[in-house]
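# A closer look at the structure
As a plain string of letters, each chain reads:
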Amino acid sequence: MDVGTPGTRMADYLRDHQDKVIGRWTELVVAGVRGRTTADEVRQELGDLYSLVVRVLSGADDHAAGELRAALDELSRGRARDGFTPSETAVGVFSLKEAVYELIADTADLVPEYLAFSRLVDDLGLHTFEAYSAAREQIIADQSNAMLELSTPVVRLWDGIIAVPLVGTLDSARTQLVMEKLLDTLVATGADHAVIDITGVPTVDTEVAQHLLKTVAAARLLGAECTISGIRPQVAQTIVSLGIEFGDIATKATLADALALALKHAGLKVVQALWIRCPSSRSGRRCSSPSRSTCRTTA
Amino acid sequence: MIRLQEDLADELTATGAHGVIIDITAVEIVDSFIGRMLSTIGSISRLFDAETVIVGMRPAVAITLTELGLSLRGVRTALNAEKGLQILNGKSRPDG
(Lines give C-alpha, C1' and ligand atoms only; values in the text may rest on other atoms or scores of the structure.)
Protein backbone atom coordinates (compact mmCIF):
# COMPACT_ATOMS: atom_id res chain seq x y z
CA MET A 1 0.00 0.00 0.00
CA ASP A 2 2.88 2.41 0.58
CA VAL A 3 4.26 2.22 -2.94
CA GLY A 4 2.84 3.91 -6.02
CA THR A 5 1.05 7.21 -6.69
CA PRO A 6 -1.94 8.50 -4.70
CA GLY A 7 -4.09 7.39 -7.64
CA THR A 8 -3.07 3.75 -7.52
CA ARG A 9 -3.29 3.61 -3.73
CA MET A 10 -6.81 5.07 -3.96
CA ALA A 11 -7.66 2.54 -6.67
CA ASP A 12 -6.53 -0.28 -4.40
CA TYR A 13 -8.57 1.13 -1.55
CA LEU A 14 -11.68 1.44 -3.74
CA ARG A 15 -11.23 -2.07 -5.06
CA ASP A 16 -11.05 -3.43 -1.53
CA HIS A 17 -14.22 -1.66 -0.43
CA GLN A 18 -16.12 -2.03 -3.68
CA ASP A 19 -19.35 -3.55 -2.33
CA LYS A 20 -19.68 -1.10 0.56
CA VAL A 21 -19.09 2.01 -1.59
CA ILE A 22 -21.39 0.94 -4.41
CA GLY A 23 -24.08 0.06 -1.89
CA ARG A 24 -23.92 3.47 -0.21
CA TRP A 25 -23.58 5.28 -3.58
CA THR A 26 -26.70 3.51 -4.87
CA GLU A 27 -28.62 4.49 -1.74
CA LEU A 28 -27.69 8.16 -2.17
CA VAL A 29 -28.55 8.24 -5.89
CA VAL A 30 -31.87 6.43 -5.43
CA ALA A 31 -32.82 8.89 -2.69
CA GLY A 32 -31.88 11.74 -5.05
CA VAL A 33 -33.96 10.61 -8.04
CA ARG A 34 -37.02 9.88 -5.89
CA GLY A 35 -38.09 6.51 -7.23
CA ARG A 36 -37.99 7.22 -10.94
CA THR A 37 -35.57 4.35 -11.51
CA THR A 38 -35.27 1.13 -9.54
CA ALA A 39 -32.40 0.46 -7.16
CA ASP A 40 -31.27 -2.56 -9.22
CA GLU A 41 -31.00 -0.48 -12.37
CA VAL A 42 -29.03 2.21 -10.56
CA ARG A 43 -26.74 -0.39 -8.97
CA GLN A 44 -26.05 -1.88 -12.39
CA GLU A 45 -25.19 1.52 -13.92
CA LEU A 46 -23.08 2.63 -10.99
CA GLY A 47 -21.26 -0.72 -10.82
CA ASP A 48 -20.07 -0.20 -14.39
CA LEU A 49 -19.03 3.39 -13.69
CA TYR A 50 -17.28 2.34 -10.50
CA SER A 51 -15.07 -0.23 -12.17
CA LEU A 52 -14.18 2.37 -14.83
CA VAL A 53 -13.29 4.93 -12.13
CA VAL A 54 -11.04 2.37 -10.46
CA ARG A 55 -9.35 1.63 -13.79
CA VAL A 56 -8.78 5.34 -14.42
CA LEU A 57 -7.33 5.86 -10.94
CA SER A 58 -4.98 2.91 -11.18
CA GLY A 59 -3.62 4.38 -14.40
CA ALA A 60 -3.08 0.91 -15.81
CA ASP A 61 -4.62 1.44 -19.23
CA ASP A 62 -5.09 4.49 -21.45
CA HIS A 63 -8.53 3.66 -22.77
CA ALA A 64 -10.24 3.77 -19.38
CA ALA A 65 -10.61 7.58 -19.33
CA GLY A 66 -12.29 7.63 -22.76
CA GLU A 67 -14.55 4.75 -21.84
CA LEU A 68 -15.55 6.43 -18.60
CA ARG A 69 -16.45 9.65 -20.43
CA ALA A 70 -18.44 7.72 -23.04
CA ALA A 71 -20.32 5.86 -20.29
CA LEU A 72 -21.10 9.18 -18.55
CA ASP A 73 -22.25 10.70 -21.87
CA GLU A 74 -24.61 7.79 -22.34
CA LEU A 75 -25.92 8.05 -18.77
CA SER A 76 -26.48 11.83 -19.00
CA ARG A 77 -28.22 11.58 -22.35
CA GLY A 78 -30.57 8.95 -20.91
CA ARG A 79 -31.27 11.15 -17.88
CA ALA A 80 -31.92 14.21 -20.10
CA ARG A 81 -34.37 12.24 -22.26
CA ASP A 82 -36.17 10.85 -19.20
CA GLY A 83 -36.75 14.35 -17.88
CA PHE A 84 -34.37 14.43 -14.92
CA THR A 85 -33.17 17.84 -13.76
CA PRO A 86 -29.50 18.77 -14.22
CA SER A 87 -28.82 18.57 -10.47
CA GLU A 88 -30.41 15.15 -10.22
CA THR A 89 -28.09 14.00 -12.98
CA ALA A 90 -24.97 15.61 -11.53
CA VAL A 91 -25.75 14.38 -8.00
CA GLY A 92 -25.44 10.87 -9.38
CA VAL A 93 -21.73 11.45 -9.83
CA PHE A 94 -21.02 13.76 -6.91
CA SER A 95 -22.56 11.41 -4.36
CA LEU A 96 -19.72 8.97 -5.07
CA LYS A 97 -17.50 11.43 -3.21
CA GLU A 98 -19.83 11.42 -0.26
CA ALA A 99 -20.08 7.64 -0.24
CA VAL A 100 -16.30 7.28 -0.22
CA TYR A 101 -15.82 10.07 2.32
CA GLU A 102 -18.12 8.43 4.85
CA LEU A 103 -15.97 5.32 4.61
CA ILE A 104 -12.60 7.00 4.53
CA ALA A 105 -13.26 9.62 7.24
CA ASP A 106 -11.58 7.68 10.03
CA THR A 107 -8.49 6.70 7.99
CA ALA A 108 -6.43 9.86 8.33
CA ASP A 109 -3.46 8.69 6.24
CA LEU A 110 -5.44 8.65 2.98
CA VAL A 111 -5.99 12.42 2.74
CA PRO A 112 -3.83 13.17 -0.37
CA GLU A 113 -5.36 10.14 -2.10
CA TYR A 114 -8.83 11.34 -1.27
CA LEU A 115 -8.04 14.80 -2.65
CA ALA A 116 -6.85 13.38 -5.97
CA PHE A 117 -9.95 11.21 -6.13
CA SER A 118 -12.14 14.17 -5.28
CA ARG A 119 -10.64 16.19 -8.14
CA LEU A 120 -11.38 13.37 -10.55
CA VAL A 121 -14.99 13.14 -9.42
CA ASP A 122 -15.41 16.91 -9.80
CA ASP A 123 -14.17 16.67 -13.39
CA LEU A 124 -16.56 13.84 -14.08
CA GLY A 125 -19.43 15.83 -12.57
CA LEU A 126 -18.74 18.78 -14.84
CA HIS A 127 -18.49 16.44 -17.80
CA THR A 128 -21.87 14.96 -16.89
CA PHE A 129 -23.36 18.42 -16.79
CA GLU A 130 -21.99 19.30 -20.21
CA ALA A 131 -23.24 16.07 -21.72
CA TYR A 132 -26.62 16.67 -20.13
CA SER A 133 -27.03 20.15 -21.59
CA ALA A 134 -25.77 19.01 -25.01
CA ALA A 135 -28.43 16.28 -24.99
CA ARG A 136 -31.12 18.78 -23.98
CA GLU A 137 -30.10 21.17 -26.76
CA GLN A 138 -30.26 18.30 -29.23
CA ILE A 139 -33.79 17.47 -28.03
CA ILE A 140 -34.86 21.11 -28.43
CA ALA A 141 -33.37 21.30 -31.95
CA ASP A 142 -35.14 18.07 -32.93
CA GLN A 143 -38.42 19.36 -31.57
CA SER A 144 -38.25 22.68 -33.38
CA ASN A 145 -37.45 20.83 -36.60
CA ALA A 146 -40.45 18.59 -36.06
CA MET A 147 -42.58 21.67 -35.40
CA LEU A 148 -41.38 23.29 -38.62
CA GLU A 149 -42.39 20.19 -40.53
CA LEU A 150 -45.78 20.08 -38.89
CA SER A 151 -46.62 23.72 -38.99
CA THR A 152 -46.76 24.41 -42.71
CA PRO A 153 -49.52 22.49 -44.42
CA VAL A 154 -50.56 23.54 -47.91
CA VAL A 155 -54.19 22.63 -48.55
CA ARG A 156 -56.18 22.55 -51.74
CA LEU A 157 -59.31 24.67 -51.47
CA TRP A 158 -60.65 24.23 -54.96
CA ASP A 159 -59.49 23.16 -58.35
CA GLY A 160 -56.60 25.53 -58.99
CA ILE A 161 -56.85 27.28 -55.61
CA ILE A 162 -54.57 26.40 -52.72
CA ALA A 163 -54.29 27.84 -49.22
CA VAL A 164 -51.57 28.05 -46.57
CA PRO A 165 -52.98 28.49 -43.08
CA LEU A 166 -50.18 29.96 -40.98
CA VAL A 167 -50.29 29.44 -37.22
CA GLY A 168 -47.74 30.79 -34.77
CA THR A 169 -44.89 33.22 -34.97
CA LEU A 170 -43.25 33.69 -38.35
CA ASP A 171 -39.48 33.89 -38.48
CA SER A 172 -37.07 33.83 -41.40
CA ALA A 173 -36.50 30.07 -41.33
CA ARG A 174 -40.20 29.32 -41.22
CA THR A 175 -41.14 31.80 -43.92
CA GLN A 176 -38.47 30.33 -46.15
CA LEU A 177 -39.99 26.88 -45.64
CA VAL A 178 -43.52 28.20 -46.24
CA MET A 179 -42.37 29.94 -49.42
CA GLU A 180 -40.66 26.83 -50.78
CA LYS A 181 -43.59 24.59 -49.95
CA LEU A 182 -46.11 27.00 -51.42
CA LEU A 183 -44.17 27.40 -54.68
CA ASP A 184 -43.57 23.64 -54.97
CA THR A 185 -47.28 23.00 -54.49
CA LEU A 186 -48.17 25.67 -57.05
CA VAL A 187 -45.96 23.95 -59.61
CA ALA A 188 -47.03 20.42 -58.65
CA THR A 189 -50.78 21.08 -58.74
CA GLY A 190 -50.79 23.70 -61.46
CA ALA A 191 -52.85 25.99 -59.22
CA ASP A 192 -52.87 29.66 -60.17
CA HIS A 193 -54.38 31.08 -57.00
CA ALA A 194 -52.93 30.90 -53.53
CA VAL A 195 -54.40 32.19 -50.29
CA ILE A 196 -52.07 32.89 -47.37
CA ASP A 197 -54.19 32.85 -44.23
CA ILE A 198 -52.56 34.58 -41.26
CA THR A 199 -55.42 34.19 -38.78
CA GLY A 200 -53.11 32.25 -36.46
CA VAL A 201 -50.22 34.69 -36.63
CA PRO A 202 -50.27 36.67 -33.37
CA THR A 203 -48.15 39.63 -34.46
CA VAL A 204 -47.07 41.09 -37.76
CA ASP A 205 -44.04 43.34 -37.74
CA THR A 206 -42.07 44.82 -40.61
CA GLU A 207 -39.95 41.67 -40.92
CA VAL A 208 -42.93 39.33 -41.16
CA ALA A 209 -44.60 41.66 -43.65
CA GLN A 210 -41.41 41.70 -45.71
CA HIS A 211 -41.41 37.89 -45.75
CA LEU A 212 -45.04 37.80 -46.84
CA LEU A 213 -44.40 40.31 -49.63
CA LYS A 214 -41.47 38.22 -50.86
CA THR A 215 -43.59 35.09 -50.91
CA VAL A 216 -46.27 36.84 -52.92
CA ALA A 217 -43.70 38.26 -55.35
CA ALA A 218 -42.18 34.80 -55.89
CA ALA A 219 -45.61 33.27 -56.48
CA ARG A 220 -46.35 35.99 -59.02
CA LEU A 221 -43.16 35.14 -60.89
CA LEU A 222 -44.52 31.62 -61.26
CA GLY A 223 -47.69 33.07 -62.70
CA ALA A 224 -49.92 32.62 -59.66
CA GLU A 225 -51.89 35.28 -57.84
CA CYS A 226 -51.75 35.50 -54.04
CA THR A 227 -54.30 36.80 -51.57
CA ILE A 228 -53.55 37.43 -47.90
CA SER A 229 -56.46 36.72 -45.61
CA GLY A 230 -57.27 36.56 -41.92
CA ILE A 231 -55.87 39.91 -40.86
CA ARG A 232 -57.19 40.51 -37.37
CA PRO A 233 -58.15 43.95 -36.05
CA GLN A 234 -55.04 44.38 -33.87
CA VAL A 235 -52.82 43.16 -36.70
CA ALA A 236 -54.46 45.63 -39.09
CA GLN A 237 -53.78 48.44 -36.61
CA THR A 238 -50.15 47.41 -36.27
CA ILE A 239 -49.69 47.18 -40.03
CA VAL A 240 -51.09 50.67 -40.54
CA SER A 241 -49.15 52.26 -37.69
CA LEU A 242 -45.92 50.66 -38.92
CA GLY A 243 -46.63 52.14 -42.33
CA ILE A 244 -46.39 48.80 -44.14
CA GLU A 245 -47.70 48.97 -47.70
CA PHE A 246 -49.11 45.82 -49.20
CA GLY A 247 -49.26 47.55 -52.55
CA ASP A 248 -51.46 45.84 -55.12
CA ILE A 249 -51.66 42.60 -53.15
CA ALA A 250 -55.25 41.74 -52.36
CA THR A 251 -55.99 41.42 -48.64
CA LYS A 252 -59.20 40.03 -47.23
CA ALA A 253 -60.61 39.81 -43.72
CA THR A 254 -61.48 36.13 -43.82
CA LEU A 255 -60.46 33.02 -45.68
CA ALA A 256 -64.01 32.82 -47.07
CA ASP A 257 -63.68 36.26 -48.68
CA ALA A 258 -60.33 35.29 -50.17
CA LEU A 259 -61.82 32.08 -51.59
CA ALA A 260 -64.68 34.07 -53.11
CA LEU A 261 -62.18 36.44 -54.74
CA ALA A 262 -60.10 33.55 -56.08
CA LEU A 263 -63.23 31.87 -57.49
CA LYS A 264 -64.18 35.14 -59.16
CA HIS A 265 -60.74 35.44 -60.73
CA ALA A 266 -60.93 31.85 -61.90
CA GLY A 267 -64.23 32.72 -63.60
CA LEU A 268 -66.29 30.53 -61.29
CA LYS A 269 -69.55 31.49 -59.62
CA VAL A 270 -71.23 29.95 -56.62
CA VAL A 271 -75.00 30.02 -56.84
CA GLN A 272 -77.58 29.00 -54.28
CA ALA A 273 -79.51 25.90 -55.27
CA LEU A 274 -83.25 26.47 -55.50
CA TRP A 275 -84.47 24.01 -52.93
CA ILE A 276 -88.22 23.88 -52.81
CA ARG A 277 -90.83 21.53 -51.42
CA CYS A 278 -91.37 18.95 -54.08
CA PRO A 279 -94.84 19.54 -55.39
CA SER A 280 -95.23 15.98 -56.55
CA SER A 281 -94.13 14.18 -53.42
CA ARG A 282 -96.62 13.43 -50.64
CA SER A 283 -93.87 12.84 -48.10
CA GLY A 284 -92.69 16.39 -48.53
CA ARG A 285 -89.26 15.37 -49.71
CA ARG A 286 -86.96 18.07 -50.95
CA CYS A 287 -86.64 18.32 -54.67
CA SER A 288 -83.88 19.87 -56.68
CA SER A 289 -86.08 21.09 -59.51
CA PRO A 290 -86.43 24.83 -59.61
CA SER A 291 -90.02 24.71 -60.82
CA ARG A 292 -93.07 22.49 -60.88
CA SER A 293 -92.88 21.92 -64.61
CA THR A 294 -89.38 20.44 -64.51
CA CYS A 295 -90.02 18.18 -61.54
CA ARG A 296 -89.57 14.56 -62.42
CA THR A 297 -90.44 13.00 -59.09
CA THR A 298 -93.23 10.56 -59.75
CA ALA A 299 -96.25 10.94 -57.55
CA MET B 1 -28.78 35.89 -74.52
CA ILE B 2 -27.79 38.71 -76.92
CA ARG B 3 -28.25 36.31 -79.88
CA LEU B 4 -31.67 35.41 -78.55
CA GLN B 5 -32.64 39.09 -78.49
CA GLU B 6 -31.49 39.63 -82.09
CA ASP B 7 -33.13 36.43 -83.36
CA LEU B 8 -36.34 37.30 -81.56
CA ALA B 9 -36.44 40.84 -82.98
CA ASP B 10 -35.81 39.48 -86.52
CA GLU B 11 -38.50 36.84 -86.11
CA LEU B 12 -41.02 39.34 -84.74
CA THR B 13 -40.50 41.64 -87.75
CA ALA B 14 -40.68 38.73 -90.19
CA THR B 15 -43.82 37.11 -88.81
CA GLY B 16 -45.61 40.00 -87.17
CA ALA B 17 -46.38 37.78 -84.18
CA HIS B 18 -48.37 39.24 -81.28
CA GLY B 19 -47.15 36.99 -78.53
CA VAL B 20 -43.88 35.59 -77.25
CA ILE B 21 -43.67 32.64 -74.88
CA ILE B 22 -40.35 32.00 -73.18
CA ASP B 23 -40.24 28.58 -71.54
CA ILE B 24 -37.59 28.50 -68.81
CA THR B 25 -38.47 25.08 -67.38
CA ALA B 26 -34.93 23.88 -68.01
CA VAL B 27 -33.33 26.90 -66.37
CA GLU B 28 -32.15 25.91 -62.93
CA ILE B 29 -29.88 28.78 -61.99
CA VAL B 30 -30.43 32.48 -62.66
CA ASP B 31 -28.47 35.61 -61.87
CA SER B 32 -29.35 39.27 -62.02
CA PHE B 33 -28.13 39.44 -65.64
CA ILE B 34 -30.60 36.80 -66.83
CA GLY B 35 -33.34 38.44 -64.79
CA ARG B 36 -32.66 41.80 -66.45
CA MET B 37 -32.43 40.22 -69.91
CA LEU B 38 -35.89 38.68 -69.47
CA SER B 39 -37.26 42.15 -68.75
CA THR B 40 -35.37 43.56 -71.74
CA ILE B 41 -36.84 40.93 -74.04
CA GLY B 42 -40.26 41.93 -72.73
CA SER B 43 -39.56 45.59 -73.58
CA ILE B 44 -38.23 44.74 -77.05
CA SER B 45 -41.26 42.60 -77.81
CA ARG B 46 -43.60 45.36 -76.70
CA LEU B 47 -42.05 47.65 -79.31
CA PHE B 48 -43.30 45.15 -81.88
CA ASP B 49 -46.70 45.12 -80.16
CA ALA B 50 -46.16 41.61 -78.86
CA GLU B 51 -46.79 40.49 -75.31
CA THR B 52 -44.22 38.31 -73.53
CA VAL B 53 -45.16 35.48 -71.20
CA ILE B 54 -42.52 33.61 -69.25
CA VAL B 55 -43.66 30.10 -68.42
CA GLY B 56 -42.41 27.15 -66.40
CA MET B 57 -40.33 29.01 -63.87
CA ARG B 58 -38.99 26.76 -61.11
CA PRO B 59 -39.63 27.62 -57.45
CA ALA B 60 -35.90 27.98 -56.74
CA VAL B 61 -35.56 30.40 -59.66
CA ALA B 62 -38.52 32.44 -58.43
CA ILE B 63 -37.02 32.62 -54.93
CA THR B 64 -33.66 33.74 -56.34
CA LEU B 65 -35.22 36.46 -58.47
CA THR B 66 -37.23 37.69 -55.48
CA GLU B 67 -34.14 37.77 -53.30
CA LEU B 68 -32.40 39.75 -56.03
CA GLY B 69 -35.28 42.21 -55.90
CA LEU B 70 -36.34 41.59 -59.50
CA SER B 71 -40.06 41.35 -60.15
CA LEU B 72 -39.86 41.23 -63.99
CA ARG B 73 -42.06 44.25 -64.58
CA GLY B 74 -43.59 44.39 -68.04
CA VAL B 75 -43.48 40.63 -68.44
CA ARG B 76 -46.31 38.27 -67.63
CA THR B 77 -45.77 34.88 -66.08
CA ALA B 78 -47.67 31.60 -66.20
CA LEU B 79 -47.22 28.17 -64.68
CA ASN B 80 -46.98 26.29 -67.96
CA ALA B 81 -47.09 26.83 -71.72
CA GLU B 82 -50.81 26.01 -71.86
CA LYS B 83 -51.67 28.74 -69.39
CA GLY B 84 -49.27 31.08 -71.17
CA LEU B 85 -51.16 30.55 -74.42
CA GLN B 86 -54.44 31.20 -72.61
CA ILE B 87 -53.10 34.55 -71.44
CA LEU B 88 -51.99 35.47 -74.97
CA ASN B 89 -55.36 34.44 -76.38
CA GLY B 90 -57.05 36.79 -73.95
CA LYS B 91 -58.86 33.99 -72.15
CA SER B 92 -57.38 34.82 -68.81
CA ARG B 93 -58.87 37.15 -66.28
CA PRO B 94 -59.07 40.77 -67.35
CA ASP B 95 -56.99 42.23 -64.51
CA GLY B 96 -53.32 41.59 -63.58
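Above this text you will find the structure in question.
First, a word on what this report is: a plain description of the structure on this page.

Rules and cut-offs
- Residues numbered from 1 in each chain as written.
- Chains lettered and ligands numbered in written order.
- Predicted model: local features only at pLDDT ≥ 70, side-chain atom pairs only at ≥ 80, totals over all residues.
- Heavy atoms only, no water.
- Helix = DSSP H or I, 4+ residues; strand = E, 2+ residues; numbered from the N terminus.
- Buried < 20%, exposed > 50% of the residue type's maximum accessible area, 1.4 Å probe, protein only.
- Polar contact = N/O pair within 3.5 Å; in protein donor to acceptor, adjacent residues only side chain to side chain.
- Contact = heavy atoms within 4.5 Å.
- Axes fitted to C-alpha atoms, helices over the stretch in contact; angles between N-to-C directions.
- Parallel < 35°, antiparallel > 145°, perpendicular 65-115°, else oblique.
- Left-handed = near helix turned anticlockwise from the far one by under 90°.
- Nonpolar A, V, L, I, M, F, W, Y, C, P; charged D, E, K, R; others polar.
- Pairing = 2+ DSSP bridges.
- Salt bridge = Lys/Arg side-chain N within 4 Å of Asp/Glu carboxyl O.

## Describing the side chain of Thr-26 of chain A
All names here are of chain A.
- Along the polypeptide, Thr-26 turns up in helix H2 (residues 18-33).
- A relative accessible area of 2% places Thr-26 in the buried class.
- For Thr-26, the side chain forms a polar contact with the main-chain oxygen of Ile-22, separated by 2.6 Å.
- If we skip the residues at most four places from it in the chain, Thr-26 touches Ala-39, Val-42, Arg-43 and Leu-46.

## Remarks on the packing of helix H4 (residues 63-81) of chain A against helix H6 (residues 111-150) of chain A
Residues and elements named next belong to chain A.
- The geometry of H4 relative to H6 is characterised by a closest axis approach of 8 Å and an angle of 45 degrees between their N-to-C directions. When the axes of H4 and H6 are compared, the pair comes out oblique. Note on packing geometry: the crossing formed by H4 with H6 is right-handed. For the pair formed by H4 and H6, the contact residues are Leu-68, Arg-69, Leu-72, Asp-73, Ser-76, Arg-77, Arg-79, Ala-80 and Arg-81 on the first element and Leu-124, His-127, Thr-128, Ala-131, Tyr-132, Ala-135, Arg-136 and Ile-139 on the second.
- Tallied by class, residues from the contact of H4 with H6 come to 8 nonpolar, 3 polar and 6 charged.

## Quick notes on the sheet that holds strand E3 (residues 76-78) of chain B
Residues and elements named next belong to chain B.
- In spatial order, the strands read E1-E2-E3; together these 3 strands make up an open sheet with parallel pairing. Edge strands, defined here as strands with exactly one partner in the open sheet, are strand E1 (19-23) and E3. The average angle at which neighbouring strand axes cross in this sheet is 25 degrees, direction not considered.
- Across 3 bridges, the pairing between strand E2 (residues 51-55) and E3 is parallel. Directly across from Val-55, in E3, lies its bridge partner Ala-78.
- Its contacts with the sheet place helix H2 (residues 32-47) against E1 and E2, and it is angled at close to 150 degrees to E2.

## Brief notes about the pattern of salt bridges
- In the structure shown here, the tally under the stated rule is 14 salt bridges over all chains.
- Put simply, Asp-159 of chain A and Arg-156 of chain A hold a salt bridge, and the shortest N to O gap is 3.6 Å. Each member of the pair, Asp-159 of chain A as well as Arg-156 of chain A, carries the same accessibility label: exposed.
- The salt bridge partner of Lys-83 of chain B is Asp-192 of chain A, with a shortest N-O separation of 3.9 Å. On the criterion of chain membership, the pair formed by Lys-83 of chain B in helix H4 (residues 81-88) and Asp-192 of chain A in the loop between helix H7 (172-189) and strand E3 (193-200) is interchain, its members lying in two chains.
- Linked through salt bridges whose partners overlap, the residues forming this network are Arg-24, Glu-27 and Glu-102 of chain A.

All we've got here are geometric facts, nothing functional implied.
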